[in-house]
Amino acid sequence: MYWLPGDSCGVTVFTATGLETWAARRRLPPGIRIEHTGVALRAWSPRHAQPFVSCGLAGGLDTALAPGTIVIPTWVGLPTGERLHCHALLVAALVTAACRLGYAPVTAPLLTTPRIVTGAARWEWYTRGYAAADMETGLLLSWRPDGAAVRVILDTPARDLSPAWTHPLWALCAPRHWPEAVRLGLAAPAYALRAAAVVAEALRTIGEQDDCRQPVSW
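As a convention, each chain's residues are numbered from 1 in the sequence order in which they are written. Two thresholds apply to this predicted model, a pLDDT of at least 70 for residue-level local features and 80 or more for giving and counting side-chain atom pairs, whereas whole-chain, interface and lining totals are computed over all residues. Excluding hydrogens and water, the side-chain values take into account all heavy atoms of the structure.

Novice: Let's hear about the overall build of the chain: which residues, and what values?
Specialist: Secondary structure summary: the chain contains six helices and nine strands in total. As displayed, the chain has an accessible area near 9,900 Å², and 59% of this comes from carbon and sulfur atoms. Numbering of helices and strands runs from the N terminus, with a helix taken as a DSSP run of H or I at least four residues long and a strand as a DSSP run of E at least two residues long. Each accessible area value is a Shrake-Rupley result obtained with a 1.4 Å probe; residue values ignore everything except the protein chains displayed when judging cover.

Novice: I'd like a description of the nonpolar core, backed by residues and values.
Specialist: For this analysis, a nonpolar core means a set of buried residues of the types Ala, Val, Leu, Ile, Met, Phe, Trp, Tyr and Cys, connected via side-chain atoms within 4.5 Å. Burial classes: relative accessible area under 20% of the type maximum marks a residue as buried, over 50% as exposed, and values in between as partly exposed (1.4 Å probe, protein chains only). Judged by nonpolar contacts, the single largest core of 54 residues is most densely connected at L28, L94, V150 and V199. Elements with a minimum of two residues in this core: β1 (12-15), α1 (18-27), β3 (52-60), β4 (70-71), α2 (88-100), α4 (137-143), β9 (147-155) and α6 (178-210). The element that contributes the greatest number of residues to this core is α6, accounting for 13 residues. One finds L61, W75, V117 and W125 within the second-largest nonpolar core, a separate group that totals seven residues.

Novice: Residue-level account of the environment of E136, with values.
Specialist: Tracing the chain through its elements places E136 in the loop between β8 (132-134) and α4. A polar contact is formed between the side chain of E136 and the side chain of R151, at a distance of 3.2 Å. Distance and chemistry together define a polar contact, namely a pair of N or O atoms within 3.5 Å, with one atom able to donate a hydrogen and the other to accept it when in protein, and with adjacent residues in sequence counting only for side-chain atoms on both sides.

Novice: Hey, could you go over the side chain of E20 for me, with residue numbers and the actual values?
Specialist: Relative to the helices and strands, E20 resides in helix α1. Only heavy atoms enter the contact rule, under which two residues are in contact if any of them lie within 4.5 Å. Apart from residues no more than four positions distant in its own chain, E20 is found in contact with T15, C55, G56, L57, R151 and A192.

Novice: Tell me about α2, residues and numbers included.
Specialist: With 13 residues, α2 extends 18 Å from end C-alpha to end C-alpha; this agrees with the ideal 18 Å at 1.5 Å per step. Among the residues making up α2, those that are buried are L90, V91, A93, L94, A97 and A98. Taken around the axis of α2, the buried residues stretch over an arc of 160°, which confines them to a single face. Looking at the residues trailing α2, positive phi occurs at G102, about 95°. The span expected for a helix works out to 1.5 Å for each residue beyond the first. As used here, the arc belongs to the directions running from the helix axis to the C-beta atoms.

Novice: Just give me the short version of the packing of aromatic side chains, but keep the residues and values in it.
Specialist: Here is the rule: rings of Phe, Tyr and Trp (six-membered ring for Trp) pair when centre to centre is within 6.5 Å. Planes less than 30 degrees apart are stacked, more than 60 are edge-to-face, and the remainder are tilted. Per the counting criterion, the structure on display carries five aromatic pairs. Consider the rings of W125 and Y130, whose centres lie 5.9 Å apart with planes at 70°: the pair is edge-to-face. On the basis of relative accessible area, W125 is assigned to the buried category, the value being 12%. Here Y130 falls in the buried class, since its relative accessible area comes to 6%. What links up through ring pairs into an aromatic cluster is the set F14, F52 and W143. A cation over a ring is seen here: R128 above W125, with NZ or CZ 4.4 Å from the ring centre. Charge-over-ring contacts are defined here by two conditions on Lys NZ or Arg CZ: a distance within 6 Å of the ring centre and an angle within 35 degrees of the ring normal.

Novice: How would you sum up the pairing of β1? Please name residues and give values.
Specialist: By the alternation rule, side chains of β1 split into T12 and F14 and V13 and T15, which are all buried. Two strands pair when backbone bridges link them, and β1 and strand β2 (residues 33-36) are joined in this way by four bridges, in the parallel orientation. In the strand pairing of β2, F14 is matched with E35. Strand pairing is assigned whenever DSSP detects at least two bridges linking the two strands.

Novice: Tell me what's going on with the environment of P73, and back it up with residues and numbers.
Specialist: Mapped onto the fold, P73 is located in the loop between β4 and β5 (75-77). Each C-alpha atom, one on P73 and one on P109, is 4.9 Å from the other, the two residues being 36 residues apart in sequence. The contacts of P73, once residues within four sequence positions are left out, are C86, V91, V106, T107, A108, P109, L110 and A149.

Novice: Tell me about unusual backbone geometry, and name the residues and values.
Specialist: The phi angle of most residues is negative, glycine excepted, and most peptide bonds adopt the trans form. Unusually for a residue other than glycine, A40 sits at a positive phi of about 60°. Along the chain, the position of A40 falls in the loop between β2 and β3.

Novice: So what about α1? Which residues, and what values?
Specialist: Within α1, burial applies to E20, T21, A23 and A24. One side of α1 carries all its buried residues, which in axial view fall inside an arc of 160°. Of the exposed residues in α1, the ones pointing more than 90 degrees away from its buried face are R25 and R26.

Right, dumping it as structure tokens:
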């Protein structure tokens with residue numbers, strides 16, 4: 001992997017939702033490329049072939065991991081059984097950044113699925129070794145292998161979500177989902193900002209070390 005001079009060290013930060021994109025823009029310095037993908041990449045098509053970080057929220061699968069836990073996976077799995085390894089040096093930079101900010105990140109595997117994982121499915125995937133689930137990172141790694149992820153756990157098996165949240169506007173139309181909406185609305189912005197802060201710290205450190213003035217092999 002090479003960082004490109006004059007191009008924010010050649011890293012794109014991918015965010016799935018409007019909230020995650022807002023958080024990235026709040027925490028990342030000017031010049032870092034941020035691309036909004038939509039949930040499950042529904043609003044995105046491949047453009048820039050450069051290293052990336054997938055930044056945002058995730059659903060917890062491990063009952064021992066509380067909301068707010070930072071997950072920086074070493075590899076990401078797909079429901080097909082395929083395993084996609086994250087770029088080791090990017091992972092290391094993100095883990096170091098999280099620790100520097102006072103967090104204790106988890107490097108267990110992340111699952112990427114086409115829909116929200118809820119109910120008994122959480123336990124099923126946890127028994128297969130996954131700590132958390134999202135809907136984008138594995139798809140991005142399938143497109144370009146030199147990437148990594150920072151995901152902060154929003155919901156857990158103990159505080160489950162309705163599958164209706166795959167389509168948030170539909171979920172909000174049902175009053176039974178309003179208590180969940182309040183809980184998510186209170187926690188999600190802070191957690192999205194937390195994920196973005198880790199990415200910002202990692203890229204700041206990389207930029208200071210390499211100064212982005214010449215291509216640097218990782």
